[in-house]
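Reading the structure
Spelled out, the chains give:
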Amino acid sequence: MIRRVLTPLLATLLAAAAVTAATASPAQARACRIDHTCVTTFYSDGTYTTVVGELYEDCAGNRSMWGTRGVPVFVETPC
């Protein structure tokens, strides 16, 4: 009887832990389109008050980044 109860409970807990681990990672910036300049600013959290990094991509596809990734804000402008 105990085994019948614990097996589904353990499976449910493991599935919940896997979903939490998969969704807890920092968001990734989206890809910059060809012939566009893109700036992705990374913030420490959803309040968007502390910048922790930035990714810059120019029209030629050159990329430069400083800091760390966090909550992204993506801005894309045509060349």
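Scope of this entry: the structure provided in the associated data block. (Residues numbered from 1 in each chain as written. Predicted model: local features only at pLDDT ≥ 70, side-chain atom pairs only at ≥ 80, totals over all residues. Heavy atoms only, no water.)

**Thoughts on the overall build of the chain**
Along the chain, the regular secondary structure elements total 1 helix and 4 strands. Listed by position from the N terminus, the elements making up the chain come as α-β-β-β-β. Per-residue burial for the chain yields a buried fraction of 15% across its 79 residues. Of the contacts formed within the chain by residues at least 6 apart in sequence, a portion of 45% connects residues at least 24 apart. Taken as a whole, the chain presents about 5900 Å² of accessible surface, with 63% of it coming from carbon and sulfur. (Helix = DSSP H or I, 4+ residues; strand = E, 2+ residues; numbered from the N terminus. Buried < 20%, exposed > 50% of the residue type's maximum accessible area, 1.4 Å probe, protein only. Contact = heavy atoms within 4.5 Å. Areas by Shrake-Rupley, 256 points an atom, 1.4 Å probe, with all protein chains shown as cover.)

**Quick look at the pairing of strand 1 (residues 36-43)**
Where burial is concerned, most of strand 1 is hidden: 7 out of the 8 residues are buried. Where strand 1 meets strand 4 (residues 71-78), 8 bridges bridge the pair, whose relative direction is antiparallel. By the bridge assignment, Thr40 is partnered in strand 4 with Phe74. Direction of pairing for strand 1 relative to strand 2 (residues 51-57): antiparallel, over a ladder of 6 bridges. When the sheet's bridge partners are listed, Cys38 is paired in strand 2 with Glu57. (Pairing = 2+ DSSP bridges.)

**Thoughts on the state of the cysteines**
Among covalent bonds in proteins, the disulfide is the one between the sulfur atoms of two cysteines. Within this structure, the stated rule accounts for 2 disulfides. Taken in sequence order, the bonded cysteines of the chain link in the pattern 1-2, 3-4. (Disulfide = S-S within 2.5 Å.)

**What to know about the sheet that holds strand 3 (residues 63-67)**
The strands that make up a sheet are held in pairs by hydrogen bonds between backbone atoms, and each pair lies either parallel or antiparallel. With respect to topology, 4 strands assemble into an open sheet ordered 3-2-1-4, the strand pairing being antiparallel. Looking at the sheet topology across the chains shown, the edges are occupied by strand 3 and strand 4. Across the sheet, the mean angle from the axis of one strand to that of its neighbour is 10°, orientation sign disregarded. (Axes fitted to C-alpha atoms, helices over the stretch in contact; angles between N-to-C directions.)

**A look at the side chain of Thr37**
One can find Thr37 in strand 1. A residue is classified by how much of its surface remains accessible, and Thr37, at 16% relative accessible area, is buried. Apart from residues lying up to four places away in sequence, Thr37 is in contact with Cys32, Tyr56, Glu57, Asp58, Cys59, Val75, Glu76, Thr77 and Cys79.

**Things to note about the layout of surface pockets**
A water-sized probe rolled over the atoms picks out the places where empty space is left. Each pocket or cavity is described by its volume, and for the largest pocket that value is around 150 Å³. Around the largest pocket sit 15 residues that line it, and Ala31, Cys32, Arg33, Glu57 and Gly61 are the ones nearest its centre. Its residues placed into classes, the lining of the largest pocket shows 6 nonpolar, 2 polar and 7 charged. (1 Å grid on protein atoms, 1.4 Å probe; cavity = no way out; pocket = protein on both sides within 12 Å on 5 of 7 lines; lining within 4 Å. Points joined across faces, edges and corners; volume = space filled by probe spheres on them. Nonpolar A, V, L, I, M, F, W, Y, C, P; charged D, E, K, R; others polar.)

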